[in-house]
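Here is what each chain is made of, one letter per residue.
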Amino acid sequence: GDKRLEELTVEDTTCGYCAVGCRFDLYSDGEEILAARPTAEEDAPVNGISTCVKGKFGYNFVNSDDRLTSPLVRDENGEFREATWDEAYSRVVEGFDRIRDDHGAESLSLIASSKATNEENYLMGKFARQVLGTNSVDNCNRLCHSSTVAGLAQSYGYGAASVSTEDLEIADCILLTGSNTTEAHPVLATRIKQNVRDGADLLVFDPREVQIAEYATQYSRIKPGYDAVWINGLIRHIINNDLYDKEFVENRVTGYEPEEAPDHEAADDREERVDKRETGFEAVKESVQEFTPEVVEEVTGVPHEEVVSAAETIAAADACVFGWTLGLTEHSHGTENVLAMANLAAITGNLGKPGAGVSPFRGQNNVQGGGGDMGPLPDNFPGYQDIADDELRAKFEDAWDCEISPEYGYYTTQMFLAADRGDIRGMYIIGENAALSEPGVNHAEQVLSDLDFLVVQDLFVNETAQYADVVLPACSFVEKTGTFTNTDRTVQMVKQVMEPKGDSRPDWEILQDLANRMGREWDYESSAEIMEEVNSVTPIYGGMTHERIEAEGGLQWPCWDEDHPGTKRLYEEQFNTDNGKANLQAVGYSEPAETPDSEYPLSLTTGRVLYQYHTGTMTHRSDGMMQYTPSDFVEVHPETAGEFDIESGEMVTIESRRGEIVVPAQVTDRVGPDTVFVPIHFAESAVNRLTDEEHLDPAAATPEYKVSAVRISPADGT
Ligand code: SF4
C-alpha cells in the first residue's frame, strides 16, 4: 500500500550492467532492491520506458549470501580469514612497499574497473601514477574495444561513437557486424528493429546468424577473422562504380600525399606495415583494388551479389549508421578492421549528420567513461591526453604533485606476459575477473598464482580473488553515487539507493584510505568533489559537474565548459585531427594469427547470451537468469556435427593448442560448417582456456578472442 511505498527509498539511476545506459527508478527498503520501474521518459534519453531483463530483475547479487562484507587476509596456513579494514590496509601498504623497494615501482600494476564510476576510475589512474608510481594501469577495454578506440582515434580523432542512440532510430540504413545486438545490447536492438519496421534497411554481416539477422534486409555469413577483406570489397565496389560521396571526400577527407609505394607484404609484416600505412582517399582507392569479387568470396565466403547489394544499399541511403561490437575488434588485427570501417563511413559521407555515423556498441556499463575517458590507461591521462606529451605530463605532474615517467606502461594483456618475465610482480585488480576474462586462462592462472603480491577489490571472492593475498570488499552501483558514461558518450548520474552491505565500501573511499596511508593527502568528501577535479584537468569533461548532469538528465562529451551544451554528434563541422579532416588509411590483407589446419580444423568464436553477463559474477546469483541459461554450450553446424559424431545435448570436448573444455552441444545452422561458437559466461567451462594470450593487435594489444583453431570430439569418446 501507499504507506509502505513511503518507507521505501526511490532514486532515479543508471543501469550497472551494460553500456546502453538505461535509466530507471530503483526502489529499496534498505535491505534489498525491490523493483526497477521506468522513470519519466524525458529523463531516460536512451531507453525511454524500456529496460531489459538484466536491468529489471538482475539485483539478487547485491544481497547475495556470498557478498563480501569484510576484508580478507591470509592466515598462517594460507587460508582466508576475515580482518579489520585497518589490518587489511596495513597488509596492502606493506605488500606494495616491499615490491617497490625490491624491484621498483614499475613492477606494480593496477587493473581498473569499468563497472565502477567515472570518479572512481579517475582515482584509479591517479592512484597508479601518484601513489604507486607506475604507468602500468589499464582495464577491460583492452580486451574488447581498445582496437575501436585506437582505430577511430587515428581516423577521426576521438575513440568513441560519433552518433547518439537516437540515430539508430532515424538512420535509413544500418550495417551491423560482429554484434549479437538482441542479446548483448537488448534495448538498442529494440530501437533498431523499430526503425526497420518503419522501413530502414538493415545489413548484418556475422559468422553467426544472430537473432537480429531475422530482421535484416540482408544477412551475409562471414568467415570469422577476415573483416577488413569484405569491408574493403564494399569500398572497392563503391569507389569503382563512382558511388562514393564526392563532396564529402573532397572537403572533409585528407588528400593523397604520396611518400613511397604502398607495401603489400604478407600479414606477418603487420607491425611494420602499421608505420608505413598510406593515408588519404587515393591510397585507399589503390589499396582496395586487390579485394576483387573472387578474393572476397574465397576469403570471407561472401558472394559477390551480396557485396554489390550491400554496397549499393549503403551508397543509396541518405544516412547510414555503422554499428559493431567485438566480432570486429577482438582480433590480432582489430584496429585494421576498424580503420577499414572508418574508411567506409567516410567515403560514403556518413558522419556528422543526423542518422549517420559510427556506433561501436560498448559493453560494460562504464567502459567508455571509466575504461577510457577517465584515463586509467598506460598511455593516456583522462580525456585521451598523451602521457608522452611533455606539456600534458607537466600539467598532471603539477595537478597531482608527483613525477610521472613519459614511458608508456603495460596494457592489461601485456601485464600478464610481463609477469612471466618477472617485470610485473604485484597487481591491484579492481572489479575485474581476470582469471576468467584474460585470453589463455591457463596462462593467466599461472601468472596470478606466481605474483609476489595480489590485491583484489570486488563484491565477491571471484575466480581472481582466489589467488589474492588481500581481498577488499567493494560495493555495487546501488550503494554509491557517481556517474557512468554510456556508449553514446552520455554522462549520467548513478545514485545511492542502499547503504553499503556489511563493511563494504565504495571503491573511491578505499582508494582514498590507501592513498592516505601511503603518504598522500586525499580529502574528497564526495564523488561530486572528485568530478570537480576531473572537470579541471579533462577538457572534454570541462563543463560536466554533478549539478548540471543532474539538472539536465545527462550530458554528452565533449562538453568544454559550464556553458557548453554537450555534443550530440561528433564531427558535424570537422574532425578532431590536426587538419580537421578524416584521416583515411589504406588497410591491406590480414588474417587471424591462428588459422584452422588438419590438426585443429575449426574456427572457434566466442560471445554472450542474453540472460548472463560476462563471467557471471552478477548474473549467476540470480535464480531466474540461471534457469534460462544454466551453462555454456557449443554451437555446431549439423554437417560438422555429423562429421565429428556430435549429437545435440551430448557433451563435447573442445581442444585448442592451449587447453581443453567440455560443454554440451547445440547442433544448429546458426553457425557455418567451419565455425563453432561458445559463450563466455561460466568458470567450469572457461572458454578462454582455448584462446590465445600471445598474438595481440599491434596498435591496441587486443587479443584474438574471436578466432582460435580448435578440434571437437564426443566427450566420452576417449
Ligand atoms: Fe541495463 Fe543494458 Fe539491459 Fe539497458 S539494455 S537495462 S543498460 S543491461
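No experiment lies behind these values; they were computed from the predicted model shown.

### Concerning the packing of helix H9 (residues 227-240) against helix H13 (residues 293-300)
Then comes step 1: Across the interface, H9 lies against H13 with an axial gap of 9 Å and an inter-helix angle of 155 degrees. In terms of axis orientation, H9 runs roughly antiparallel to H13. The two elements H9 and H13 meet at a crossing, and its hand is left-handed. Contacts between H9 and H13 involve Val229, Trp230 and Gly233 from the first element and Val296, Val299 and Thr300 from the second.
Then comes step 2: A per-class count over the contact of H9 with H13 returns 4 nonpolar, 2 polar and no charged.

### Looking at the pairing of strand E2 (residues 23-28)
Then comes step 1: With 6 bridges connecting them, strand E1 (residues 9-14) and E2 associate as antiparallel partners. Within E2, the residue paired with Thr9 across the bridge is Ser28.
Then comes step 2: Adjacent in sequence and paired antiparallel, E2 and strand E3 (residues 33-38) are bridged by 4 residues, among which Gly30 carries a positive phi angle near 95 degrees.

### Section: the sheet that holds strand E10 (residues 218-221)
Then comes step 1: Read from one edge of the open sheet, 5 strands run E10-E9-E8-E11-E12, paired in parallel fashion. Each edge of the sheet is formed by a strand with only one pairing partner; in this case those strands are E10 and strand E12 (357-360). Sheet twist, expressed as the average angle between the axes of neighbouring strands with direction ignored, equals 15 degrees.
Then comes step 2: Bridge count for strand E11 (residues 320-324) against E12 is 4 bridges, and the pairing is parallel. Pairing of Val321 across the sheet is with Gly357, part of E12.

### Re the site of the ligand
Then comes step 1: Around the ligand there are 13 residues in total, and Cys15, Cys18, Cys22, Cys52 and Gly55 lie nearest to it.
Then comes step 2: Secondary-structure elements contributing two or more residues to the shell around the ligand are helix H2 (53-57) and helix H8 (186-197).
Then comes step 3: By residue class, the composition of the shell around the ligand is 8 nonpolar, 4 polar and 1 charged.

### A short note on the domain arrangement of the chain
Then comes step 1: The assigned domain composition of the chain is domain 1 (2-63), domain 2 (72-143 + 366-490 + 503-556), domain 3 (146-360) and domain 4 (602-717).
Then comes step 2: The C-alpha centroid of domain 4 is placed 30 Å from the C-alpha centroid of domain 2.
Then comes step 3: Taken together, the contact pairs 19 residues of domain 2 with 17 residues of domain 4.
Then comes step 4: Mapped onto the side of domain 2 that touches domain 4, the elements with two or more residues apiece are helix H19 (412-420), helix H20 (434-437) and helix H21 (441-450).
Then comes step 5: Of the residues assigned to the side of domain 2 that touches domain 4, the class counts are 8 nonpolar, 8 polar and 3 charged.

### Details of the confidence of the model for the chain
Then comes step 1: In this model, the chain carries an average pLDDT of 90, and 94% of its residues clear a pLDDT of 70 or more.
Then comes step 2: A low-confidence stretch, residues 256-270 (pLDDT under 50), is modelled with 21 contacts involving residues beyond four sequence positions or located in other chains.
Then comes step 3: Scored as a whole, the predicted complex attains pTM 0.90, and scored at its interfaces, ipTM 0.99.

### Focus: the environment of Asn337
Then comes step 1: Structurally, Asn337 can be placed in helix H16 (residues 334-347).
Then comes step 2: Separated by 189 residues in the primary sequence, Asn337 and Thr148 have C-alpha atoms spaced 8.7 Å apart.
Then comes step 3: Sequence-distant contacts of Asn337, defined by excluding residues within four places in its chain, comprise Asp227, Ala228, Leu328, Thr329 and His331.

### Here we look at unusual backbone geometry
Then comes step 1: Following Trp557, the chain continues into Pro558 via a peptide bond in cis, with omega recorded as -5 degrees.
Then comes step 2: The phi angle at Tyr384 is positive, at roughly 60 degrees, despite the residue not being glycine.
Then comes step 3: Mapped onto the secondary structure, Tyr384 falls in the loop between strand E13 (380-381) and strand E14 (385-386).
Then comes step 4: The phi angle at Asp645 is positive, at roughly 60 degrees, despite the residue not being glycine.
Then comes step 5: The residue Asp645 is located in the loop between helix H26 (638-643) and strand E23 (651-655) in this model.

### Description of helix H3 (residues 85-103)
At 3.6 residues per turn, the α-helix brings residues three or four places apart onto the same side.
Then comes step 1: In this model H3 runs 27 Å from its N-terminal to its C-terminal C-alpha over 19 residues, within 8% of the 27 Å that 1.5 Å per residue would give.
Then comes step 2: Those residues of H3 not exposed but buried are Ala88, Tyr89, Val92, Phe96 and Ile99. The arc that holds every buried residue of H3, seen down its axis, measures 105 degrees, which confines them to one face. Opposite the packed face of H3, turned more than 90 degrees from it, sit the exposed residues Asp86, Asp97, Asp101 and Asp102.
Then comes step 3: Looking one or two places after H3, you find Gly104, whose phi comes out positive at around 95 degrees.

### What to know about the pairing of strand E18 (residues 482-485)
Then comes step 1: By the alternation rule, side chains of E18 split into Gly482 and Phe484 and Thr483 and Thr485, which are all buried.
Then comes step 2: Bridge count between E18 and strand E19 (residues 490-494): 4 bridges; the pairing is antiparallel. The partner of Thr483 across the bridge, within E19, is Met493.
Then comes step 3: The hairpin formed by E18 and E19 contains 4 residues between the paired strands, and Arg489 there has a positive phi angle of roughly 70 degrees.

### Quick word on the sheet that holds E2
In a beta sheet, neighbouring strands are held together by backbone hydrogen bonds and run either parallel or antiparallel to one another.
Then comes step 1: The strand order E1-E2-E3 describes an open sheet built from 3 strands, whose pairing is antiparallel. One side of each edge strand has no neighbouring strand; the edge strands of this open sheet are E1 and E3. Along the sheet, successive strands turn relative to each other by an average axial angle of 30 degrees, direction set aside.

Rules of the game
Residues numbered from 1 in each chain as written. Predicted model: local features only at pLDDT ≥ 70, side-chain atom pairs only at ≥ 80, totals over all residues. Axes fitted to C-alpha atoms, helices over the stretch in contact; angles between N-to-C directions. Helix = DSSP H or I, 4+ residues; strand = E, 2+ residues; numbered from the N terminus. Parallel < 35°, antiparallel > 145°, perpendicular 65-115°, else oblique. Left-handed = near helix turned anticlockwise from the far one by under 90°. Contact = placed C-beta atoms within 7 Å. Nonpolar A, V, L, I, M, F, W, Y, C, P; charged D, E, K, R; others polar. Pairing = 2+ DSSP bridges. Near = placed C-beta within 6 Å. Domains from an automatic or database assignment. pLDDT = per-residue confidence, 0-100. Expected span 1.5 Å × (residues − 1). Buried ≥ 20, exposed ≤ 12 C-beta atoms within 10 Å, placed from the backbone. Arc of directions from axis to C-beta.

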